[in-house]
Each structure stands twice: as structure tokens, then as C-alpha cells.
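# Coordinate inspection notes
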Amino acid sequence: MIYADNAATTKMSARAIQAMLPYMETVWGNPSSLYAAGQRAAEALQSARERMAACFGATAAEIYFTSGGSEADNQAILSAAKNGERKGKKHIISTAFEHHAVLHTLKKLEKAGFEIELLDVHENGRILPSQVADAIREDTCLVTIMYANNEIGSVQPIPEIGEICRAKGVPFHTDAVQAAGHLPIDVVAQHIDMLSLSAHKFHGPKGIGMLYARKGIVLTNVIEGGAQERGKRGGTENVPAIMGMATALEDACRHMEENTEKVTRLRNRLIEGLSKIPHSILNGDPEKRLPGNVNFCFEGIEGESLLLLLDDKGICASSGSACTSGSLDPSHVLLAIGRPHEIAHGSLRLSLCEDNTEEEVEYILKSVPEVVEYLRSISPLWKDKVCGKREFLLPE
């Protein structure tokens, strides 16, 4: 099997698994308990907080553990909305191609009377800092823009956006689920007020994540309960998963430079090879994109059929976000960058990590054109295009 869907989830690293075991076998106390067994677990949590904070230039007191990126996104956005509402500010700025954890939360706030402004995304999958500057108003209570897109991999100008928001006194949140562990992030230098991440995107366990909230940001509880996470997130902390997450993040940051060099080389080889398929197009910026992300549209085919036939060849890929892969609707991300519905239906996302090899990439480059050619050969729509009855939408 060739696994090329690392944007959906990554395989847990051996070091992350080993880091978890002691906290299931020996140090298994409740970190809220006052006796020694519980305090050993509490000390482990504090250590993980400090280690993760160091990866982003933050402090341990600014780190909150969550169940994943979606919960962290929800808490960040709802907190900023509540803080803004107290001051009579109910305008929120985001983009049209955010993850649904952000978009659905914004839709919920819109129903509650907030004004949501979604910035248009350029064809290369990026927005301009000037768009953010022009959109900020006196009543803006939050700017939330993802660090890197989960489908097409385009990386946003986060430092510039953060600087604009800080200068105008507007809180800035970024969904960094795809970026954390893969791109260098410094929350202080980049003027990031809140940041969300999820461990299973960088070889950590599923079901655990983190919210960074700059000192002074008042958080609203999404989960009520006990006094865990300094009273901001009820529920006994998942100590084993947190320890696995901290180790996986440290490893990812420690080896980021060498991993980026290898994965970028593999990515560029894939892009070069797939670009030779007639009537295909790369989605996202060719340069300012995640190291391992490759996303193409192929005219005349359906993404679902492409994935199933690639699976028969032992290749695991996707047609977009893992959270919406069961949907028959075209990707909202591809529609946001201007791809027509017909083209957006024929998308393929390949996402690599440092475990992938050159041999695997060459096998993918052999298999994808074969599958695309086969699907086109049995497509009445494609035959109409070849015969001139319909126009091609993508150049040859």
C-alpha cells in the first residue's frame, strides 16, 4: 500500500507511541487529584505544555488542551465573538475556503446576529494582506484565517495579516491544523493571538489537539465541567494522548528542515509528472504551498471513481478534505478559487510525508495517468469534448 493521504491523518510515530505508554501503565492517575499519583500526572501535563509552547514561541500558561483542531477552532471563534459582543462589536472576517469547523461556527454566529464577511480567494488559493486591511472596521471583533489550506495546500501571508490585525487592535486567530509541525510558526513574531492544531496531522494520536491563546485573551468555555485547563475546558485531561502529541510535535519541529527538503522534492516531482496529463490543472499556489500537498483537477472524470480505481492499485488518496469525502458536492475550496462545478468534481489530492519514497512517487505517476485515461475512455461527456460537441474547459 502507498499511503498518500497524510493531510487526512498521519501514521503515529514510534516515539509518540512510546511516549504514551508510561501514562497508561504506570503514571495513570487523575492530574486533578491531590495525592502523589495524581500529581505525577499533573507534572507530566505541565511538562507537555512547556514543550509544546516552546515550539511556537509561546508560554505554558497560553496552552490549552482540546479534543482536536475542530474544538480549538470553535473555542477560539466563540470566545472572540463573546468578547466582541460585550463591546458592541459583531463583525467577523474570514475567507470562503476555511475548514468547515470554522465556516460552520461562523454560520452559527451569523444566525445569532453577527455579520460574517468572507474574503474572496484568488485563483492561486491565497488572499492579500490588503484585503484584510480594507475589510477591518471599527466593529470588527475577529479575523480568522487558516495558516495553510487543507485541500489545496496554499499558505497564507500570516505574518503580514497578523501585523495588520495587531496594529488595528483586532484579535487574529489562525487554524494551523495543516501547518503545525510542517511550517515554522512563531506566535509572537507573527502576531498570532489564537492558534489551533491537531496532533494526528504530525504523527501524533487522534482525538487530541491544542489551542494557543495569547495572555489577555478571555476564553469562553465550550465544554463546561470541572476546573481543568484553568477552568476553560471541563473534563479530565487525556494525559497519554497529550504526551504523545508533545513528543510528535517536538520531533516534527526538530526535523522540519530535513523533512521539508525531502517532501518538497517529492511533491515537485509529482506536480511535474501530473502536469503532463492533458486538460489538467494544479490547484493552489505552485510555490507558496505545504511541502507535501499536490492537488489537481482532471477534466472529464469524477473524483470518486478516480479514488476507487487508485485504491485498486494500492494507492490511498483523496479528492479533498477528509471531513467531506463522503459528500457528492464539489469542494467548496475549489469553487472558492473559481473552478467550475464540472472541473471541481474531478479533483485529486495527494499529500505526502517524510515516509514516502521516490519509488512510490514514480508508481503514482505511472498509475494516475492510466486511471485518468481509462475513465475518460468510458465517459460520454469526454467523447463529446473530443468530437467537438462540447468545449474543453482546461487547456491541453
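Whatever comes next refers back to the structure up there.
Here's a quick rundown of the structure. All values reported here derive from a predicted model rather than from experimental measurement.

Residues Ile158, Ile161, Gly162, Ile164 and Cys165 constitute the buried set of helix H7 (residues 158–168). Each buried residue of H7 sits inside an arc of 160 degrees when the element is viewed along its axis, so together they form one side. Buried residues in H7 make contact with helix H6 (129–135), strand S5 (140–144) and strand S6 (172–175). The first or second residue beyond H7 is Gly169, which carries a positive phi of 70 degrees.

A word on the environment of Arg254. Among the structural elements, Arg254 can be located in helix H8 (residues 239–254). Judged by relative accessible area, which is 52%, Arg254 ranks as exposed. Sequence spacing of Arg254 and Gln75 is 179 residues, and the spatial spacing of their C-alpha atoms is 29 Å. Within the local environment of Arg254, its side chain forms a polar contact with the side chain of Asp251, the two groups lying 2.9 Å apart.

What follows concerns the pairing of strand S8 (residues 209–213). Of all five residues making up S8, five are buried, and the element is well covered by its neighbours. Alternating positions in S8 separate into two faces, Gly209, Leu211 and Ala213 on one and Met210 and Tyr212 on the other, with burial throughout. With four bridges connecting them, strand S2 (residues 63–66) and S8 associate as antiparallel partners. Residue pairing for S8: Thr66 is matched across the bridge by Gly209. Pairing between strand S7 (residues 194–198) and S8: five bridges, direction antiparallel. Pairing of Ser198 across the sheet is with Gly209, part of S8.

Two numbers describe how helix H10 (residues 303–312) lies on helix H13 (residues 358–377): the axes approach to 10 Å, and their chain directions differ by 130 degrees. Taken together, the axes of H10 and H13 are oblique relative to one another. Relative to H13, H10 is oriented so that their crossing is right-handed. Note on element contacts: H13 touches H10 through Ser367, Val368, Val371, Val372, Tyr374 and Leu375, opposite Ser305, Leu306, Leu309 and Leu310. Looking at side-chain class alone, the contact of H10 with H13 contains eight nonpolar, two polar and no charged residues.

So, about the packing of helix H3 (residues 36–56) against H8. One way to put it is that H3 packs onto H8 with a least axis distance of 9 Å and a crossing angle of 25 degrees. Here H3 is positioned roughly parallel relative to H8, judged by the angle of their axes. For the pair H3 and H8, the crossing hand works out as left-handed. On the side of H3, the interface is formed by Ala41, Ala44, Leu45, Ala48, Arg51, Met52, Cys55 and Phe56, while H8 contributes Val239, Ile242, Met243, Met245, Ala246, Thr247, Leu249, Glu250 and Cys253.

With respect to the helices, strands and loops of the structure, Pro205 is situated in the loop between S7 and S8. Separated by 137 residues in the primary sequence, Pro205 and Gly68 place their C-alpha atoms 9.9 Å from one another. In this view, Pro205 contacts Met12, Met20, Ala199, His200, Ala241, Gly244 and Met245; residues no more than four positions away in its chain are not counted.

Ordered in space as S2-S8-S7-S6-S5-S3-S4, the seven strands form an open sheet in which the pairing is mixed. Two strands bound the open sheet, and with one partner strand each, they are S2 and strand S4 (115–119). Ignoring strand direction, the axes of neighbouring strands in this sheet form an average angle of 20 degrees. Sitting on the sheet, helix H4 (residues 69–86) is in contact with S2, strand S3 (91–95), S5, S6, S7 and S8, with an inclination near 160 degrees to S7. Here helix H5 (residues 100–111) sits on the sheet and contacts S3, S4, S5 and S6; the angle it forms with S3, its principal contact strand, is near 155 degrees.

It is worth spelling out the pattern of salt bridges at this point. Using the criterion set out here, one finds 22 salt bridges in the structure. With a shortest N-O distance of 2.7 Å, Asp251 and Arg15 are connected by a salt bridge. Of this pair, Asp251 sits in helix H8 while Arg15 sits in helix H1 (residues 14–20), and the two are 236 residues apart along the sequence. A relative accessible area of 13% places Asp251 in the buried class. Here Arg265 makes a salt bridge to Glu358, at a shortest N to O gap of 3.9 Å. A residue pair is termed long-range when its members are at least 10 positions apart, and Arg265 in helix H9 (residues 256–274) and Glu358 in helix H13 qualify at 93 residues. Linked through salt bridges whose partners overlap, the residues forming this network are Arg15, Asp251 and Arg254.

Conventions adopted
Residues numbered from 1 in each chain as written. Predicted model: local features only at pLDDT ≥ 70, side-chain atom pairs only at ≥ 80, totals over all residues. Heavy atoms only, no water. Buried < 20%, exposed > 50% of the residue type's maximum accessible area, 1.4 Å probe, protein only. Helix = DSSP H or I, 4+ residues; strand = E, 2+ residues; numbered from the N terminus. Arc of directions from axis to C-beta. Contact = heavy atoms within 4.5 Å. Polar contact = N/O pair within 3.5 Å; in protein donor to acceptor, adjacent residues only side chain to side chain. Pairing = 2+ DSSP bridges. Axes fitted to C-alpha atoms, helices over the stretch in contact; angles between N-to-C directions. Parallel < 35°, antiparallel > 145°, perpendicular 65-115°, else oblique. Left-handed = near helix turned anticlockwise from the far one by under 90°. Nonpolar A, V, L, I, M, F, W, Y, C, P; charged D, E, K, R; others polar. Salt bridge = Lys/Arg side-chain N within 4 Å of Asp/Glu carboxyl O.

None of this, on its own, says anything about what the molecule does.
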